[in-house]
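# Fold and geometry: a report
Residue strings, one per chain:
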Amino acid sequence: RRWSLVTHLGSYHYPNSAQLIEQERLKDPSDQGAKAALGARGASASIEDKAAYLLESQNLENSLELAERNQITRHLFQRNQPEAQRALLADALGAIQPLDQQAEQQVSRGYVRGLTHGYCSLQSVELLQQALTNNQRATLSTIKVLRVAIQEDQRCIDIKNLLKQ
């Protein structure tokens, strides 16, 4: 719970959020705490730093564990940060094919799941559809995650449009 709150505050660029992350990391020196701090840093990062985190999560040569990669991708694009999504989602989705071909299935599945959660925008539906089109030879789990993400975004858009009426 505490990490969720710290991550949420950081995603809104709450003053001193970096200090809160560090304080919480010191209170929770466990492996899980270190991973939660990594996710919180990703959520609170500037677009430039998010781009660096994204590249790090795509780099199969580094020493990141699967859980660390998942923490980065799961927290990188927060729903309250559409500017980060607009700036980086195309690059993030463009890396699916090489990851799907070169990485273990768990790595590519974690990457895709982490980056395709509900953006609720026409742009994300278009980008996700393009990613699906570009990855027809991907693993079945990757294709399924992309299809589900498209359906969820489209459903969210439909609901928003109904509420506007």
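In this report, the structure presented in the accompanying data block is examined. Counting from 1, residues in each chain are numbered in the order their sequence is written. Since the coordinates come from a predicted model, pLDDT governs what is reported: local features require at least 70, and pairs of side-chain atoms require 80 or more to be given and counted, while whole-chain, interface and lining totals use all residues. To get the side-chain values, take all heavy atoms of the structure and skip hydrogens and water.

Now for helix α2 (residues 17–27). Each residue is assigned to one of three classes by its accessible area relative to the maximum for its type, calculated with a 1.4 Å probe on protein chains only: buried under 20%, partly exposed between the two thresholds, exposed over 50%. Working definition: helices are DSSP H or I runs of at least four residues, strands are E runs of at least two. Numbering for both runs from the N terminus. Restricting attention to buried positions, one finds in α2 the residues Ser17, Ile21 and Glu24. Down the axis of α2, the buried set is contained in an arc of 70 degrees. They therefore lie on one face. Every exposed residue of α2 that faces more than 90 degrees away from the buried side is listed here: Ala18 and Leu26. What the arc describes is the spread of directions from the helix axis to the C-beta atoms.

Bringing the nonpolar core into the picture now. Judged by nonpolar contacts, the single largest core of 34 residues is most densely connected at Leu54, Phe77, Ile96, Tyr111, Leu115 and Leu146. Of all the secondary-structure elements, those providing two or more residues to this core are α4 (47–58), α5 (66–76), α6 (82–94), α7 (96–102), α8 (105–115), α9 (122–134) and α10 (140–164). Among the elements that take part in this core, α10 stands out by supplying six residues, more than any other. A contact between two residues is defined here by any heavy atoms of the two lying within 4.5 Å. If near-sequence neighbours (up to four positions away) are discounted, Tyr111 is found in contact with Leu54, Ser57, Gln58, Asn70, Thr73, Ala92, Ala95, Ile96 and Leu99. Residues belong to a common nonpolar core when they are buried Ala, Val, Leu, Ile, Met, Phe, Trp, Tyr or Cys residues joined through side-chain atoms within 4.5 Å.

For α6, which comprises 13 residues, the first-to-last C-alpha distance of 18 Å matches the rise-based estimate of 18 Å (1.5 Å per residue) to within 8%. The largest bend in α6 is about 50 degrees, located at Leu88. Inspection of α6 places Ala84, Gln85, Leu88, Leu89, Ala92 and Leu93 among the buried residues, and these make up the whole buried set. Residues of α6 that are buried in the fold lie against α4, α7, α8 and α9. To estimate the expected span of a helix, count its residues, drop one, and scale the result by 1.5 Å. Fitting axes to the seven residues ending at a residue and to the seven starting there, one defines the bend at that residue as the angle between these axes.

In protein structure, a disulfide is the covalent linkage between the sulfur atoms of two cysteines. For this text, the term disulfide refers to a pair of cysteine sulfurs within 2.5 Å. Summed over the entire model, instances satisfying the criterion amount to one disulfide. Two residues, Cys120 and Cys156, share a disulfide whose sulfurs are 1.8 Å apart. On the sign convention where negative is left-handed, the bridge of Cys120 and Cys156, at about -95 degrees about the S-S bond, is left-handed. Taken together, the residues Cys120 in the loop between α8 and α9 and Cys156 in helix α10 connect sequence positions 36 residues apart.

Here we take up the side chain of Ser108. Within the secondary structure layout, Ser108 lies in helix α8. For Ser108, a relative accessible area of 1% gives the class buried. Counted as a polar contact is a pair of N or O atoms within 3.5 Å, where, for protein atoms, one must be capable of donating a hydrogen and the other of accepting one, and residues adjacent in sequence contribute only when both atoms are in side chains. At 3.3 Å, the side chain of Ser108 and the side chain of Asp100 are in polar contact.

That's the geometry; what it means functionally is another story.
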